[in-house]
Amino acid sequence: GSGRGCQIPLSGMFVGKEHAKIVRTKDGQFKIQHISGLAGTRVNGEKISEHLLKHGDEIEIGKQKLLFRLER
């Protein structure tokens, strides 16, 4: 998001202060959750409110694109 405390700072008119967050589920997977911001959060081109991530997923927030990678 665009807020000071965000681990991945992003900019843009429609990016929320805390736009989205990635959390680890109890079974060890990763999930992204849209929190705020008019730009929405997209994964692989689809607008989401919540999505289970997998290696290679493309996350879009505003005009910024991020690649989700799992390192072993």
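Computed from a predicted model, the values in this text were never measured in an experiment.

J.: Outline the environment of K47, supporting the account with residue identities and numerical values.
T.: With respect to the helices, strands and loops of the structure, K47 is situated in strand β4 (residues 46–48). A relative accessible area of 57% means that K47 is categorised as exposed. Not counting residues within four places of it along the chain, the set of residues in contact with K47 comprises G40, T41 and R42.

J.: Residue-level account of the sheet that holds strand β6 (residues 58–61), with values.
T.: Read across the sheet, four strands follow the order β4-β3-β6-β7 without closing on themselves; strand pairing throughout is antiparallel. The open sheet has two free edges, formed respectively by β4 and β7 (64–67), since each of these has just one partner strand. Averaged over all adjacent pairs, the angle separating strand axes in this sheet is 30°, with direction ignored. As defined by bridge partners, strand β3 (residues 41–43) adjoins β6 across three bridges and the pair is classed as antiparallel.

The rules we used
All residue numbers here refer to positions counted from 1 along the written sequence of the relevant chain. Predicted model: local features are reported for residues with pLDDT of at least 70 only, side-chain atom pairs are reported and counted for 80 or more only, and whole-chain, interface and lining totals are derived from all residues. Here the side-chain values reflect all heavy atoms present in the structure, with hydrogen atoms and water set aside. Numbered from the N terminus, helices here are DSSP runs of H or I no shorter than four residues, and strands are runs of E no shorter than two. Burial classes follow relative accessibility: with a 1.4 Å probe on protein chains only, a residue under 20% of its type's maximum area counts as buried, one over 50% as exposed, and anything between as partly exposed. What makes two residues a contact is simply this: any of their non-hydrogen atoms within 4.5 Å. Two strands pair under a simple rule: DSSP has to find at least two bridges between them. Angular values range over 0 to 180 degrees, each being the angle between N-to-C directions of two axes fitted as lines to C-alpha atoms, with helices fitted over their stretch in contact.

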